[in-house]
Structures are given as structure tokens and as C-alpha cells.
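# A structural walkthrough
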Amino acid sequence: MSNISGKAYAWNVLSPINGGRLIALLKKLSFRLAGVFLPNSLKGLRTLSTIHYARWVIVRDADFPCLSPTQPREKLRYSYMFFFSDFNGAWEEYVDAFALAIPGSLNKLWWHTVAWPKVAPMQPFHRYIVRNQLFTNHYYSAYPMASSTDVKASRNVRAGVSKLGAVAMALSPADFQKQYHTLLKELQHELALIGPTPIVSLAAQAVEEREREDTHGHS
Amino acid sequence: MDNRYGNIYALTAFCPLRPESDGTESPTAVIRNVLNHEPSDHHGAMARVPNTFLCRLFVLDDVVYQGKPAVYEHLKSNYLVFTATVYGDLEPYLRGMWINAAPFVREVWRFCIGFDRVHDEITFARYIQQCQIKTNLFFNGSDDPGSSEHSPAEQLKSLYVQQEFARFVGEHQGLSAGEVQEAFQRFVARVRPDDLTGPTWRAGASSLDDAVVGADL
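Residues numbered from 1 in each chain as written. Chains lettered and ligands numbered in written order. Predicted model: local features only at pLDDT ≥ 70, side-chain atom pairs only at ≥ 80, totals over all residues.

### Some points on the overall build of chain B
Of regular secondary structure, chain B possesses 5 helices and 7 strands. Written out in order from the N terminus, the α and β elements of chain B read β-β-α-β-β-α-α-β-α-α-β-β. On C-alpha atoms alone, chain B measures out to a radius of gyration of 22 Å, which is more than a quarter above the 17 Å that the 2.2 N^0.38 rule sets for 217 residues. In terms of principal-axis extent, the alpha carbons of chain B reach across some 75 × 40 × 30 Å. Within the span of chain B, comprising 217 residues, buried residues form 47% of the whole. In chain B, the proportion of contacts linking residues at least 24 apart, taken out of those at least 6 apart, comes to 70%. (Helix = DSSP H or I, 4+ residues; strand = E, 2+ residues; numbered from the N terminus. Rg over C-alpha atoms; globule rule 2.2 N^0.38 Å. Buried ≥ 20, exposed ≤ 12 C-beta atoms within 10 Å, placed from the backbone. Contact = placed C-beta atoms within 7 Å.)

If you want it as C-alpha cells, here you go:
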């Protein structure tokens, strides 16, 4: 089991939808509208700079793939909403930030789900998330050392370096210095040095601990 | 907007597993074991698959029950859930997955119903598309609205340049304008900010010691 890949955490939440097929259809329609009118309708999510990506998937029994005549078809009373998110930081930080930054949006996104406690107060909300979370067995990130903020910042740095690099040779030392200082001023918040996280993945950590115990014995 | 946000594609696939009662092995247990042991860094199979930003795999063995008065119900099959956030179109991505990680794919998917018909990149792409579930809402927090989306190769290059430049700035403080200019030109020639082939960061690298690839010695 590994919900962690460096600085990224894979969060999966499964929620049954109340109210039959019509409500599931309405939810799908509202998601489509939210998608079309992004970023305005979900601009609150953008205030959470810790999210790489997130998706909501609504599935009814007929949507589960059936690839063989011998495979039984699913028969479910509820439609189900799957939420998959890739975020940076610890579970509690993210769940709390999510709830505090966009409580109204969360209540809308989870509208008509069974036993949804609403975002506030926090304790029932936490309990709901714990109860409905699905754990990931394998999680991969192309850049586990980088947060979503690092990802965006690094693009500005590369663009700035490339731009100055293209003209640096043609400038006088004084003009170069002026442009170099301007670049540093522009990038001053985006030049952080990145380091690896103490735990790359829970599975890797478990292996390390086991090897340490094998080598040194139980303390 | 559903599976796609500009050039970014959100793949969600539920691949049905053979029943637990078939054969002597438990598909769920075997798959979980394989996935739990697969390295998640640059040594892992998915690091070899071009255009993968993030992906996850897990076995879904039932739906969740919310307590009374909710209805208590169960899935009839278990499913291997595969979600991936990728750059570009889905079919070439899936073909690249087979071409670059076929042994891993075979090991993980071998208990899935219908996978016995998969024997090359084309049939694998077709199979995953049969298992695909449409994403209803996709949020991209890694690209600012209105900006063009960057591929993982561009992103890894940007992270490499950012780290090298942060070090360069720290190491060249207090020098004359001419000295910094000369050093900067050597720096640009070394890091090649517009060359995605290298030097750059290795996909999946989780440690600075082995992150850089393609640098001149």
C-alpha cells in the first residue's frame, strides 16, 4: 500500500449517491457545467496551491465494464462518486485546508451523497473521509521531489533563464547586470532549492524498516 | 470538459478481475502484492512510460457501506482501478505503455477478464479503452488557466534548470558584472534550458543524488 509518492499523496474517496438515477444525472450535468465554466466555478480550488490534479467520476452499475458473458453484471441500488486527487502535504493538512478554503464548494460537490455530514463541524467530516477512503497499492509521480507550486515556479525560472541566455552575449556587462538583477527580482520567490521527502513511499519505508530490523535486530 | 483539460488527459479505467474462486491463487492478493513491491521511483516500470505525470493502481474489492438506513450492497466482481494523468492523446500513451512496460503490464493485468486477448500495443490500448470510465469533472492545478500545458519532459527540464539556477545565483554573489556575465554564459551552455533531451531530471527520481541525467562530466 502506498498513498505517497514523495511530496504527492493519492487520495481516493468513494461516496454513494442518494436519490436514484435522476440525482446522479443531475450531478453529472452540474459537473459538466462546472467544467465548461472553469476556472470561475471552481476558482476556490485554485486557492489551494497544493493540488496537482483532481477528478470526480460518477459510476452507476451499468457503467462497470463487463468483458465476458460469464462475468456477472453489477446490480447496485446507488450510483457512486469516485474522487481521485493528487495533492502535496500530509493528509490532515489537505483535508483541513480543503474544508476551510472551499466549504461551500465541497458541500455542492458532495451534494446528495449518502451520510455526507457537511464540511463543518470538522470531526464528522474527518470521520466520513476516513470511512470512505480507498487505499492505493501503487502510486507513481514523474517528479516526486516537486510540489505543485515548485512545478509552476520552475517553468518561470526556465523561461527567464532561456530569455536572458539568448541575449547575454550581446549585452555590455553593465546592461547584463541590469537585466540579471531584474530577472532575480522577478524570480525571487521561485528559486527555492528542492529536497527529497523523508518518506518516498509507505511501501519503500516498510522495506527500509524491515531491512534495518533484519540487520540490527529488534531493539 | 471531462477526460481532457487542454493537452492533459485524465484516464480512469476499471478492469474486472477473474473471480477469487477461480484457480488456486487469489487475483486480488497477488495483484496487491505485485503492486506493493513495484518501486515507485525511477526504478519503477511507470517511470519508463513516456508522458505520465501521475498514476495510481489499486484493487477495488467492494463499495462502501454508510450504516443504517443506507442500503447494504456489494460488487459482484473485483476491479483493478488504473488512473493516470497523461500528456497528449490516450491511444498513443497506452501503446507507449505497452512498448515500454509490457512485463509489468502483463504481471499486473494477467488476472483481468479479457486480458487474454491482449498480445501487443494495439490490443492493449483497445482493452484499456474498453475498461475506461468517463471522468465527469477534471481539475488541473498544475497549469495556470490560459497558459499552455507542459509535458512531463518539459516539466522535468524546468525543475532541473530551476535547481541549477538557484545554486548558480548563490554561488555567484559579489562578483563583478563581467564575471557574472561570463559565468552565466557558461552556465547556459551547460544546462541548455531549451534542450529537452538533456541535461534534465530523470522521470520518477526521488533523490537529488540520481535525479540529473544527460549532464556532461
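Let us keep going from here.
### Quick look at the confidence of the model for chain B
A residue-level look at chain B finds 99% of positions with pLDDT of 70 or above and a mean pLDDT of 94. With pTM at 0.92, the complex prediction returns an ipTM value of 0.96. (pLDDT = per-residue confidence, 0-100.)

### Notes on the interface of chain A and chain B
Taken together, the contact pairs 89 residues of chain A with 79 residues of chain B. The dominant element in the side of chain A that touches chain B, judged by the number of residues it contributes, is helix H6 (residues 148-167) of chain A, at 12 residues. A class-by-class count of the residues in the side of chain A that touches chain B yields 57 nonpolar, 19 polar and 13 charged. With 4 bridges connecting them, strand S3 (residues 51-59) of chain A and strand S5 (residues 137-140) of chain B associate as antiparallel partners. If you follow Ala-54 of chain A over to S5 of chain B, its bridge partner there is Phe-139 of chain B. (Nonpolar A, V, L, I, M, F, W, Y, C, P; charged D, E, K, R; others polar. Pairing = 2+ DSSP bridges.)

### With respect to the packing of H6 of chain A against helix H4 (residues 152-171) of chain B
Look at H6 of chain A against H4 of chain B: their axes get within 8 Å of each other, and the N-to-C directions meet at 70°. When the axes of H6 of chain A and H4 of chain B are compared, the pair comes out roughly perpendicular. From H6 of chain A, Asp-150, Val-151, Ala-153, Ser-154, Arg-155, Val-157, Arg-158 and Val-161 of chain A reach across to H4 of chain B, where they touch Gln-155, Lys-157, Ser-158, Leu-159, Val-161, Gln-162 and Phe-165 of chain B. Considering only residue class, the contact of H6 of chain A with H4 of chain B consists of 7 nonpolar, 4 polar and 4 charged. (Axes fitted to C-alpha atoms, helices over the stretch in contact; angles between N-to-C directions. Parallel < 35°, antiparallel > 145°, perpendicular 65-115°, else oblique.)

### Considerations on the pairing of strand S4 (residues 79-88) of chain A
All names here are of chain A. With 10 of 10 residues buried, S4 is to be regarded as a mostly interior element. Side chains Ser-79, Met-81, Phe-83, Ser-85 and Phe-87 of S4 all project onto a buried face; the interleaved residues Tyr-80, Phe-82, Phe-84, Asp-86 and Asn-88 project onto the opposite face, where all are buried too. Pairing of S3 with S4, which is carried by 8 bridges, proceeds in the antiparallel orientation. Paired with Ile-51 across the two strands is Phe-87, which belongs to S4.

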